[in-house]
Amino acid sequence: MDIEVVGVCCPFGDKYLGELAALNSIPIINAGTLNEMNMPMCDLGITAHSFDYIGKKVRYIPKLGWIGYHPSLLPRHRGRSSIEWAIRMNDPITGGSIYWLNAGIDRGDIMIQDWCFIPPDYRLKPRKGAKRLWDEELLPMGLKLFKMAFKLLLNGEIIRHPQDNRFSTFEPNLNIKDIYRPDLLMIEQHASPST
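Conventions adopted
Residues numbered from 1 in each chain as written. Predicted model: local features only at pLDDT ≥ 70, side-chain atom pairs only at ≥ 80, totals over all residues. Heavy atoms only, no water. pLDDT = per-residue confidence, 0-100. Contact = heavy atoms within 4.5 Å. Patch = residues over 30% accessible without salt bridge, like charges linked within 9 Å, V, L, I, M, F, W, Y side chains within 5 Å. Areas by Shrake-Rupley, 256 points an atom, 1.4 Å probe, with all protein chains shown as cover. Salt bridge = Lys/Arg side-chain N within 4 Å of Asp/Glu carboxyl O. Helix = DSSP H or I, 4+ residues; strand = E, 2+ residues; numbered from the N terminus. Buried < 20%, exposed > 50% of the residue type's maximum accessible area, 1.4 Å probe, protein only.

A. Representation of the confidence of the model for the chain within the structure. When the pLDDT values of the chain are averaged, the result is 89; 89% of them are 70 or greater. pLDDT under 50 marks residues 179-192. Its contacts with residues more than four places away, or in other chains, come to 17 contacts.

Structure, rendered in structure tokens:
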């Protein structure tokens, strides 16, 4: 695949993406500061399990738009803690989605998806289970899906399937201490967020 990376947005000092970008002399934009003034012209913007919101003016700079990877079978489990919520809600399967970014959080059209089983014992310690599921299944899946997406796009195939909102869920970030949602109390009775 002949792909040129024209810029990377990550925290300064990042030991993964930032280090690789610096090694290859790719300009780095500090996380949280990407805007229409510092966004390089390009064909495609990509984001992977990112917590930065890509604003409208930035979304319209790449010729094709932006694609992102979200570690859930969208429209299920939109939001930051998608992996842990899939475990806490006793979903037997989860997966990953490459989707087209739009104004909503994790709401854009789906390009491609893949799935995996959630081992039942992950429910015993959902936070640790989420980490294992990310490391062992969802991270490698995301890399595979991006590779597939790039091949499709390089062949001129633009795939867009609207998300079916009848099945959508959006759960709060589990790293915030003062979450109160009465509709989620039944989940909290069975598993404490600190596990």
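B. Representation of a nonpolar patch on the surface within the structure. A contiguous nonpolar surface patch, about 390 Å² in accessible area, is contributed by Met-1, Ile-3, Val-5 and Leu-154. Looking at where Met-1 falls in the secondary structure, it is placed in the segment before β1 (8-10).

C. Region of interest: the pattern of salt bridges. With the rule as written, the count across this model stands at nine salt bridges. Put simply, Glu-84 and Arg-88 hold a salt bridge, and the shortest N to O gap is 2.8 Å. In this pair, Glu-84 and Arg-88 are both assigned in helix α3 (residues 82-88), four residues apart and thus about one turn of the helix distant. Accessibility expressed as a relative area gives 7% for Arg-88, which makes it buried. Residue Lys-131 pairs with Asp-135 through a salt bridge whose shortest N-O separation is 2.6 Å. With Lys-131 and Asp-135 both in helix α4 (residues 126-154) and four residues apart, this pair spans about one turn of that helix. Residues joined in a network through salt bridges with shared partners are Glu-84, Arg-88 and Arg-127.

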